[in-house]
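Reading the structure
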Amino acid sequence: MSEAFTPDDPVQGEPVFRKCSSRHAIEAGRTRPNGPNLLGVFGRQAGTADYSFGDSLVEVGEAGPVWTPETMGVYLEVRQHSSRRRLARRACET
Ligand code: HEM
């Protein structure tokens, strides 16, 4: 999430969140089939929301970090790189 954003600015956040909304709800009690609800995510320990997370995120959470704009930025960057790497590897295999 390279573009700078201020977490408490919904007007600025809305277009950014559109990229997440296919997988993430932010309304209380709402869920998406394939992603955790991100309501109140800042300050929450990673991998502890009501969702069946993959082991890696649960392990990250058990190590203690909570979500902040900074830690989320790192997570999304890493995820983007790993999916790009996967795509590149698949492209090489074909
Ligand atoms: C920029 C938009 C997005 C943001 C800010 C975002 C943020 C997050 C965060 C913070 C978590 C961890 C939640 C927690 O530990 O409580 C998460 C998990 C997850 N996100 Fe997103 N996400 C975004 C877009 C997406 C997209 C586009 C997809 C799918 C195409 C996706 C799929 C998932 C999945 C499957 C998990 C659970 C991962 C696991 O179990 O290890 N997210 N996301």
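Residue positions are given per chain, counted from 1 along the sequence in the order it is written. Given that the model is predicted, a residue must reach a pLDDT of at least 70 before its local features are reported, and side-chain atom pairs must reach 80 or more before they are shown or counted; all residues, however, enter totals for whole chains, interfaces and linings. Just so you know, side-chain values use all the structure's heavy atoms and leave hydrogens and water out.

It is worth spelling out the confidence of the model for the protein chain at this point. Along the chain, pLDDT gives the predictor's confidence residue by residue, from 0 to 100. Summing up the model confidence of the protein chain, the mean pLDDT is 79 and the portion of residues at 70 or higher is 78%. Looking across the protein chain, the model is least confident in helix α3 (residues 69-93), with a mean pLDDT of 72, and most confident in helix α2 (residues 55-62), with 83. Runs of H or I in DSSP of at least four residues are treated as helices and runs of E of at least two as strands, each being numbered from the N terminus.

On to the coordination of the iron atom of the ligand. Only nitrogen, oxygen and sulfur atoms qualify as donors, and only when within 2.8 Å of the metal (3.2 Å in the case of Na, K and Ca); with water excluded, sites may look incomplete. You will see that the iron atom of the ligand has only one donor from the protein, His24 (NE2), lying 2.0 Å away. By secondary structure assignment, the location of histidine 24 is in the loop between α1 (10-17) and α2.

Should a side-chain nitrogen of Lys or Arg be within 4 Å of a carboxyl oxygen of Asp or Glu, the pair is scored as a salt bridge. Applying the stated rule across the entire model yields one salt bridge. Across the salt bridge formed by arginine 18 and glutamate 14, the nearest N and O atoms sit 2.7 Å from each other. Buried means the residue's accessible area, taken with a 1.4 Å probe over protein chains only, is under 20% of the maximum for its type, while exposed means over 50%, and partly exposed covers the values in between. A relative accessible area of 52% means that arginine 18 is categorised as exposed. A relative accessible area of 43% means that glutamate 14 is categorised as partly exposed.

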